[in-house]
Amino acid sequence: MCGVLRSSDAGKKAVLMGWVNRRRDLGNLVFIDVRDRTGVTQVVCNKELNPAIHEKASRLRNEYVIAAIGTVKQREPNTINRNIPTGEIELVAEELRILNEAKQPPFLPGDTVLPNEELRLKYRYIDLRRDAMQFNLELRHKVAIAIRSYLSSQGFFEIETPFMTRSTPEGARDYLVPSRVQPGSFYALPQSPQLFKQILMISGCDKYFQIVRCFRDEDLRADRQPEFTQIDLEMSYPQPERVWEVVEGFLSAAFKTAGYEIKTPFPRMSYDEAIRLYGSDKPDMRLPAMNDVREAFTAENFQALAVNPNLPVMAIRIPKVGELSRKERDEIKPLFTGKGNAKLFEDFKRLEKSFPDSAAKIRAKSSAETDDLIVIVAGDDKLAEHPSEGGVKPEVKQHDHAVYTAAGLLRVALAQKYASRHRLFEKTGNASVDFRFLWVTDFPMFEWDEEGKRWAAAHHPFTSPHERDMEKLSGGLDAAEDPNSPLAAVRALAYDVVLNGTELGSGSIRIHRQDIQRKIFHALGMTEDEARARFGFFLEALEYGTPPHGGIALGLDRIVMILAGAESLREVIPFPKTARAVDLMVDAPTPVSEAQLKELGIQIRKARE
């Protein structure tokens with residue numbers, strides 16, 4: 001390989017095969033840098049020693065594929081290249097073969113300035129030759145191997161589940177596959193192997209895992225793709241803590257293979273606590289928590305500030321930002337997304353002049369230092385006091401929740417804006433060394449769907465409620481359409497693993513009793529007939545001795561993206577789609593012929609606007 005020869009190989013015969021990374025013609029000497037995924041070696045073609053090889057070398061161009069055969073030679077001290085591992089040697093060519101020529105590519109793998117992403121994706125086979133992409137592919141491979149090895153050592157079996165199954169939408173749209181032999185019927189590509197892995201628990205396969213492709217037809221972002229890879233696992237008879245222990249084990253193995261040691265066990269925090277302290281169910285623990293400082297203000301203060309005294313008043317502290325100019329303070333306002341539900345006070349010094357006693361209490365409660373940035377987010381006094389309407393989370397009132405989340409979003413936006421000042425997100429090498437993991441637990445079981453005017457599963461409908469909340473499921477179908485029903489306070493045995501503000505994966509203890517599964521379906525507004533039509537096979541399976549079970553699924557793409565220090569999943573997926581779900585390299589999706597459609601019994605109609 002082109003990156004393995006060293007000084008100890010001097011005098012040996014070697015064969016190198018790879019791409020021409022660079023050619024330098026110095027008259028009697030032609031130097032060729034030959035590249036493969038392991039690195040680069042310099043090949044020397046000497047006209048005096050071999051005119052034919054020298055003439056052939058003169059015809060080489062970038063990205064030609066060649067084989068060079070010769071003797072490894074120690075370089076002269078003044079020609080050593082300290083920037084590459086092979087820089088102390090070179091190969092003196094005795095034979096040179098052109099295995100394939102190449103057109104001039106639209107960009108070169110060695111270019112320091114990257115072309116636009118669309119060009120990179122169209123010519124992905126060129127883009128993947130770059131060192132950074134080769135590093136990412138190797139990292140992905142090593143991470144997957146480490147996870148497989150760890151789970152295998154814990155007694156898990158890797159078991160494949162079907163890619164063509166029935167459509168059971170779980171929140172996103174399914175990709176449908178028409179059946180030729182069953183006209184008018186469709187398979188669906190799985191959004192996850194959820195039901196199959198639960199059936200494996202019923203089948204006696206008590207420890208299952210799979211690194212599996214999943215498919216969701218949804219709008220894309222930097223951290224979303226229509227097809228993605230997840231680390232899927234399920235266990236029989238676990239408490240949540242046992243699932244967490246396994247996940248922490250394979251994440252430790254994955255991060256270790258990338259050169260990082262992580263601390264276990266991870267901290268744990270309830271959903272309600274995460275919302276109150278961080279305004280997010282995936283808090284970035286590298287930032288200080290927020291503080292509710294409403295007790296710092298008097299009734300007169302609230303009236304003067306036009307703030308509702310019954311709603312949270314959240315102090316956000318971003319450390320070591322330093323003094324801001326008037327212009328910089330004005331730039332905070334566009335970052336605030338809580339307009340209509342909450343009010344922003346971005347000029348703390350102005351607040352301090354008007355309400356010095358309150359400001360002193362806020363500084364003390366926030367543990368703020370002189371160069372820290374403090375901003376305040378509070379509930380608008382026009383908001384009603386704790387109305388009992390849809391969307392209420394357990395222990396967190398609707399308008400409280402609006403203030404918390406508005407403050408939480410601003411907290412992250414401010415940290416990102418001023419990251420260069422306080423170095424909170426500073427990176428070393430290819431990945432952040434400050435890995436802050438967290439388990440977020442006790443999520444709401446249901447969330448109110450304002451459009452559908454009914455309760456929906458916050459996680460998925462196979463998640464087990466807390467034992468103490470079971471009696472709140474007694475309302476049946478009537479409760480499904482009542483925004484004030486006890487369903488608002490049902491907690492799920494659901495948990496997320498979070499890293500630096502990114503959700504890596506979600507899991508739960510599952511429902512293993514048919515009577516409880518029926519109650520959940522009813523709470524979601526499904527009649528008995530609807531539940532049987534959609535999930536009859538699963539309800540029947542639950543009748544045949546189902547053990548308690550639980551599991552989780554983590555995004556492999558996201559884990560590798562974080563370890564690679566990449567900004568997008570497209571940097572760690574070999575052949576990704578664009579934000580419009582298009583594969584530019586193969587030009588997919590594309591129309592198909594009338595003959596194909598006719599054979600499938602499909603007629604294309606214009607979609608409704």
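For clarity, every value in this text was computed on a predicted model and none was experimentally measured.

**A short note on the confidence of the model for the chain**
Any region with low pLDDT has predicted coordinates that should not be read closely.
Inference 1: Mean pLDDT over the chain works out to 91, with 94% of the residues at or above the 70 mark.
Inference 2: Predicted confidence in the chain is weakest over helix 13 (residues 419-422), with a mean pLDDT of 62, and strongest over strand 16 (residues 437-441), with 98.
Inference 3: The low-confidence segment residues 386-396, where pLDDT is below 50, has 33 contacts with residues more than four positions distant or belonging to other chains.
Inference 4: Low pLDDT, under 50, characterises residues 428-432; the predicted model gives this stretch 14 contacts beyond four residues in sequence or across chains.

**Quick look at the side chain of Glu 346**
Inference 1: Mapped onto the fold, Glu 346 is located in the loop between strand 14 (342-345) and helix 10 (348-354).
Inference 2: If we ignore the near neighbours within four places in the chain, the residues touching Glu 346 are Arg 326, Arg 329, Ile 332, Lys 333, Ile 374 and Val 375.

**Some remarks on the state of the cysteines**
Inference 1: Tallied over the full model, the rule gives zero disulfides.
Inference 2: Distance from the sulfur of Cys 2, which forms no disulfide, to the nearest cysteine sulfur (Cys 45) is 14 Å.
Inference 3: Judged by its relative accessible area of 0%, Cys 2 falls in the buried class.
Inference 4: Cys 214 forms no disulfide, and the closest cysteine sulfur to it belongs to Cys 205, at a distance of 19 Å.
Inference 5: Among the residues examined, Cys 214 registers a relative accessible area of 0% and is labelled buried.

**Considerations on the packing of aromatic side chains**
Aromatic ring pairs are described here by two measures, namely the spacing of the ring centres and the angle between the planes.
Inference 1: Across all of its chains, the model carries 17 aromatic pairs by this definition.
Inference 2: A centroid spacing of 6.1 Å and a plane angle of 85 degrees characterise the contact between Trp 439 and Tyr 495, whose relative ring orientation is edge-to-face. Here the residue Trp 439 occupies a position in strand 16, and Tyr 495 occupies one in strand 19 (residues 494-499), the gap between them amounting to 56 residues.
Inference 3: Pairwise contacts between aromatic rings join Trp 244, Phe 255, Tyr 260, Phe 266, Phe 435, Phe 437, Trp 439 and Tyr 495 into one cluster.
Inference 4: Geometry around Tyr 123 places Lys 122 over its ring, the cationic atom sitting 5.8 Å from the centre.
Inference 5: The residue whose ring lies beneath Lys 417 is Tyr 418, and the NZ or CZ to ring-centre distance is 5.8 Å.

**Section: the side chain of Glu 234**
Inference 1: Mapping Glu 234 onto the fold places it in strand 10 (residues 227-236).
Inference 2: A distance of 2.9 Å separates a polar atom in the side chain of Glu 234 from a polar atom in the side chain of Arg 510.
Inference 3: Residue contacts for Glu 234: discarding those within four places in its chain leaves Phe 156, Lys 197, Gln 198, Met 201, Asp 206, Lys 207, Tyr 208, Arg 510, His 549, Gly 550, Gly 551 and Ile 552.

Calculation criteria
- Residues numbered from 1 in each chain as written.
- Predicted model: local features only at pLDDT ≥ 70, side-chain atom pairs only at ≥ 80, totals over all residues.
- Heavy atoms only, no water.
- pLDDT = per-residue confidence, 0-100.
- Helix = DSSP H or I, 4+ residues; strand = E, 2+ residues; numbered from the N terminus.
- Contact = heavy atoms within 4.5 Å.
- Disulfide = S-S within 2.5 Å.
- Buried < 20%, exposed > 50% of the residue type's maximum accessible area, 1.4 Å probe, protein only.
- Phe/Tyr/Trp six-rings, centres within 6.5 Å; stacked < 30°, edge-to-face > 60°.
- Lys NZ or Arg CZ within 6 Å of the ring centre and 35° of its normal.
- Polar contact = N/O pair within 3.5 Å; in protein donor to acceptor, adjacent residues only side chain to side chain.

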